[in-house]
Number of protein chains: 6
Amino acid sequence: MPYVNIKVTDEGVTPEQKAELISGTTELLQRVLNKNPETTVVVIDEVNTDNWGIGGEQVTHRRERGQ
Amino acid sequence: MPYVNIKVTDEGVTPEQKAELISGTTELLQRVLNKNPETTVVVIDEVNTDNWGIGGEQVTHRRERGQ
Amino acid sequence: MPYVNIKVTDEGVTPEQKAELISGTTELLQRVLNKNPETTVVVIDEVNTDNWGIGGEQVTHRRERGQ
Amino acid sequence: MPYVNIKVTDEGVTPEQKAELISGTTELLQRVLNKNPETTVVVIDEVNTDNWGIGGEQVTHRRERGQ
Amino acid sequence: MPYVNIKVTDEGVTPEQKAELISGTTELLQRVLNKNPETTVVVIDEVNTDNWGIGGEQVTHRRERGQ
Amino acid sequence: MPYVNIKVTDEGVTPEQKAELISGTTELLQRVLNKNPETTVVVIDEVNTDNWGIGGEQVTHRRERGQ
């Protein structure tokens, strides 16, 4: 029954990587808390680097500086 | 003043269906909790089936199996 | 499979009212989008009136003025 | 370490405006709560006006009436 | 830089289990997407069983029936 | 109409500080995007340090080391 929301920047996450995040998170909740995988929901949000800020600035700018 | 977030897969939800979800949710909160509809906010997120997991796998794969 | 999050202020919502919000939202998603109620998840967050702002001020202050 | 999520309608927010929201929010948290800007995360979601409801109706309809 | 939100029912999750969820999720994002663990944020929300619905009813009721 | 969610650790945030976060965020959205403060909603979540992870560990542990 858990609900997990994963937010990452939209920098080319592949369908296979998304599948790994979903199965990995679901297994983690089963292993640690014995949660039923059948009703574990995982939602991945991909966010534009213009819309993600850290350190007070857009990730877009950090990427331009090679960070 | 309530805030409601509805997340569904992006499988062809029409503007009319979105309007029904918004009015239905707003009425429900007015009826059950006497909340003022004027300040009730509803936000609908449509999520790609690759980005939605249940049972440890992507909805995309479940749809391919006809689930 | 939908996920719904309802946020309201923590002003005495009863368990019965929560049950009505959960069943009402689940039925709405079944009626409008034909979503399976068995995997529809609804999470209700009750928020202290000090922590909820509208119009630039805390709900606590609005309540003190009778709003 | 704070996490801030800002949701607005997708009505032409420019990259410069997003940058102002990110720096302004980060500074606010530093000034009020002495939070370290280096680990303050801000995520901006732009939502289609069909998917945003207030007063029980879509923002799209309110905009058509000039609201 | 990823942000992960894990919502589970508040049924006795221990601090050690929370630590495992945090380290496990952070490692998963490092392994799958090469994300820097130093800026990966994980927030766990524990939700009362009265406030969590699935299948149109409160988890409280399901637990009473032994589900 | 914007919706803002601010998550911080529950380390003694005062009602006055919450009021400042609410008014500051609302003013920022008015200044940058010309948003109507009357319908701007701000919700502050205070999260236990056991439930907040960064760098793969709980904030509780970082605080014990003086970080």
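Thresholds, definitions, all that
- The numbering scheme is per chain: residues are counted from 1 as the chain's sequence reads.
- As a convention, the first chain written is A and the first ligand written is 1, with the rest following in written order.
- It should be noted that, the model being predicted, local features are given only for residues of pLDDT at least 70 and side-chain atom pairs only at 80 or more, the latter also being counted only at that level, while totals for whole chains, interfaces and linings use all residues.
- To get the side-chain values, all heavy atoms of the structure are used, and hydrogens and water are removed first.
- UniProt positions are given in the numbering used here, feature names are shortened, and annotations may be inferred rather than shown by experiment.
- Each helix is a run of H or I in the DSSP string that is no shorter than four residues. Each strand is a run of E no shorter than two, and both are numbered from the N terminus.
- Every residue pair with non-hydrogen atoms within 4.5 Å of one another is taken to be in contact.
- By buried area we mean the combined loss of accessible area, with a 1.4 Å probe, across both parts when two parts are placed together.
- One side-chain nitrogen of Lys or Arg within 4 Å of one carboxyl oxygen of Asp or Glu is enough to make a salt bridge.
- Counting of polar contacts relies on pairs of N or O atoms within 3.5 Å, with two restrictions inside protein: one atom must be capable of donating a hydrogen and the other of accepting it, and residues adjacent in sequence are counted only when both atoms are side-chain atoms.
- Here the copies were fitted onto each other by least squares, based on C-alpha atoms from residues at pLDDT of at least 70 in both.
- Strand pairing is assigned whenever DSSP detects at least two bridges linking the two strands.
- The axes used here are C-alpha line fits, helices contributing only the stretch in contact, and every angle between their N-to-C directions lies in the interval 0 to 180 degrees.
- Burial classes: relative accessible area under 20% of the type maximum marks a residue as buried, over 50% as exposed, and values in between as partly exposed (1.4 Å probe, protein chains only).
- Here the angle decides the label: under 35 degrees means roughly parallel, over 145 means roughly antiparallel, 65 to 115 means roughly perpendicular, and every other value means oblique.
- Take the far helix as the reference: if the near one is turned anticlockwise from it by less than a right angle, the crossing is left-handed, and if turned clockwise, right-handed.
- Under the scheme applied, nonpolar residues are Ala, Val, Leu, Ile, Met, Phe, Trp, Tyr, Cys and Pro; charged residues are Asp, Glu, Lys and Arg; polar residues are all the others, including Gly.
- Consider the strands pointing away from the viewer: the crossover is right-handed when the path from the first strand over the helix to the second runs clockwise.

### Looking at the UniProt feature "domain: 4-oxalocrotonate tautomerase-like" (unreviewed entry) in chain A
UniProt's feature table lists "domain: 4-oxalocrotonate tautomerase-like" (unreviewed entry) at residues 2–62 of chain A, given in the numbering used throughout. Helix makes up 38% of residues 2–62 of chain A and strand makes up 31%, while its end C-alpha atoms are separated by 34 Å.

### Here's the deal with the interface of chain C and chain B
Across the boundary between the two partners, chain C contributes 27 residues, which contact 27 residues of chain B. For the pairing of chain C and chain B, the buried interface totals around 2200 Å² over both sides, and the portion due to carbon and sulfur atoms is 72%. Where chain C packs against chain B, one counts two salt bridges. Here Arg31 of chain B ties to Glu20 of chain C by a salt bridge, and the two come within 3.5 Å at their closest N and O atoms. Counting across the chain C and chain B interface gives nine residue pairs in polar contact (both at pLDDT 80 or more). Elements that contribute at least two residues to the side of chain C that touches chain B include exactly strand E1 (3–9), helix H1 (15–33), strand E3 (52–54) and helix H2 (59–64) of chain C.

### Observations regarding the relation of the copies chain C and chain B
After a rotation of 180° and a shift along the axis of 0.0 Å, chain C superposes on chain B with an RMSD of 0.0 Å. Taken together, the rotation and translation relating the two chain copies correspond to the operation of a two-fold axis. The rotation axis passes nearest to the C-alpha of Asn5 of chain C in chain C, at a distance of 2.6 Å. The overlap is high: 100% of the interface residues of chain C also sit at the interface in chain B, so the same surface is used on both sides.

### Overview of the sheet that holds strand E4 (residues 57–58) of chain A
Within the open sheet, the eight strands sit side by side as E4(A)-E3(A)-E2(D)-E1(D)-E1(F)-E2(F)-E3(C)-E4(C). Their pairing is mixed. Looking at strand neighbours, the two that pair on one side only are E4 of chain A together with strand E4 (57–58) of chain C, the edges of this open sheet. Summarising the sheet, strand E1 (residues 3–9) of chain D and strand E2 (residues 41–47) of chain D pair through seven bridges and their orientation is parallel. Paired with Lys7 of chain D across the two strands is Asp45 of chain D, which belongs to E2 of chain D. Together, strand E3 (52–54) and E4 of chain A, E1 and E2 of chain D together with strand E1 (3–9) of chain F form the strand contacts of helix H1 (residues 15–33) of chain D, whose direction differs from that of E2 of chain D by roughly 140°.

### A look at the arrangement of the chains
Considering only C-alpha positions, the minimal separation of the non-contacting chain C and chain D is 14 Å. If you take every C-alpha in chain A and every C-alpha in chain F, the smallest gap between them is 14 Å, and the two do not touch.

### Points about the UniProt feature "active site" (unreviewed entry) in chain A
The positions that UniProt labels "active site" (unreviewed entry) are, in the present scheme, Pro2 of chain A. Considering the arrangement of structural elements, one finds Pro2 of chain A in the segment before strand E1 (3–9). Owing to a relative accessible area of 2%, Pro2 of chain A belongs among the buried residues under this scheme. The contacts of Pro2 of chain A, once residues within four sequence positions are left out, are Leu29, Lys35, Thr39, Thr40 and Val41 of chain A together with Lys7, Val8 and Trp52 of chain E.

### Regarding the packing of helix H1 (residues 15–33) of chain A against helix H1 (residues 15–33) of chain E
Geometry of a packed helix pair, given as the angle between the helix axes and the separation of the axes. Where H1 of chain A contacts H1 of chain E, the two axes come as close as 10 Å, and the packing angle between them is 160°. On the basis of their axis angle, the class for H1 of chain A and H1 of chain E is roughly antiparallel. Crossing geometry of H1 of chain A relative to H1 of chain E is assigned as right-handed. The residues of H1 of chain E that touch H1 of chain A, namely those facing Gln17, Glu20, Leu21, Gly24, Thr25, Leu28, Leu29, Arg31, Val32 and Leu33 of chain A, are Gln17, Glu20, Leu21, Gly24, Thr25, Leu28, Leu29, Arg31, Val32 and Leu33 of chain E. Residues of the contact of H1 of chain A with H1 of chain E, tallied by class, amount to 10 nonpolar, six polar and four charged.

### Observations concerning the pairing of strand E2 (residues 41–47) of chain B
Summarising burial for E2 of chain B: six of the seven residues are buried, a large majority. Of the crossover connections in this fold, the one passing from strand E1 (residues 3–9) of chain B over helix H1 (residues 15–33) of chain B to the parallel E2 of chain B is right-handed. The pairing of E2 of chain B with strand E3 (residues 52–54) of chain D spans three bridges and is antiparallel. What sits directly across from Val41 of chain B, in E3 of chain D, is Ile54 of chain D.

### Notes on the relation of the copies chain D and chain B
With an RMSD of 0.0 Å, the fit of chain D onto chain B corresponds to turning through 120° and sliding 0.0 Å along the axis. The transformation just described matches what one would write down for a three-fold rotation axis. When C-alpha positions in chain D are compared against the rotation axis, the closest is assigned to Asp45 of chain D, at 5.8 Å.

### Notes on the pairing of strand E1 (residues 3–9) of chain E
Taking burial as the measure, the seven residues of E1 of chain E include seven buried ones, the bulk of the element. Burial along E1 of chain E is two-sided: Tyr3, Asn5, Lys7 and Thr9 of chain E facing one way and Val4, Ile6 and Val8 of chain E facing the other are all buried. Direction of pairing for E1 of chain A relative to E1 of chain E: antiparallel, over a ladder of five bridges. Residue pairing for E1 of chain E: Lys7 of chain A is matched across the bridge by Tyr3 of chain E.

### Regarding the environment of Asn51 of chain A
In this structure, Asn51 of chain A sits in the loop between strand E2 (41–47) and E3. Given a relative accessible area of 5%, Asn51 of chain A falls into the buried group. On a C-alpha basis, the gap between Asn51 of chain A and Arg63 of chain A in space is 13 Å, while along the polypeptide they are 12 residues apart. Here Asn51 of chain A is in contact with Lys18, Ile22, Val42, Val43, Ile44 and Glu46 of chain D, once residues within four sequence places are set aside. A distance of 3.0 Å separates a polar atom in the side chain of Asn51 of chain A from a polar atom in the side chain of Glu46 of chain D.

### Overview of the pattern of salt bridges
Under the criterion given, the structure shown has 36 salt bridges over all chains. Notably, a salt bridge pairs Asp45 of chain B with Lys7 of chain B, separated by 2.8 Å at the nearest N-O pair. Separated by 38 residues along the polypeptide, Asp45 of chain B in strand E2 and Lys7 of chain B in strand E1 bring together distant segments of the chain. The exposure class assigned to Asp45 of chain B is buried, which follows from its relative accessible area of 18%. With a relative accessible area of 6%, Lys7 of chain B lands in the buried category. Close ionic contact of Glu57 of chain C with Arg65 of chain C constitutes a salt bridge, the shortest N to O distance being 2.8 Å. Counted as one network, the salt bridges with shared partners bring together Glu57, Arg62 and Arg65 of chain A.

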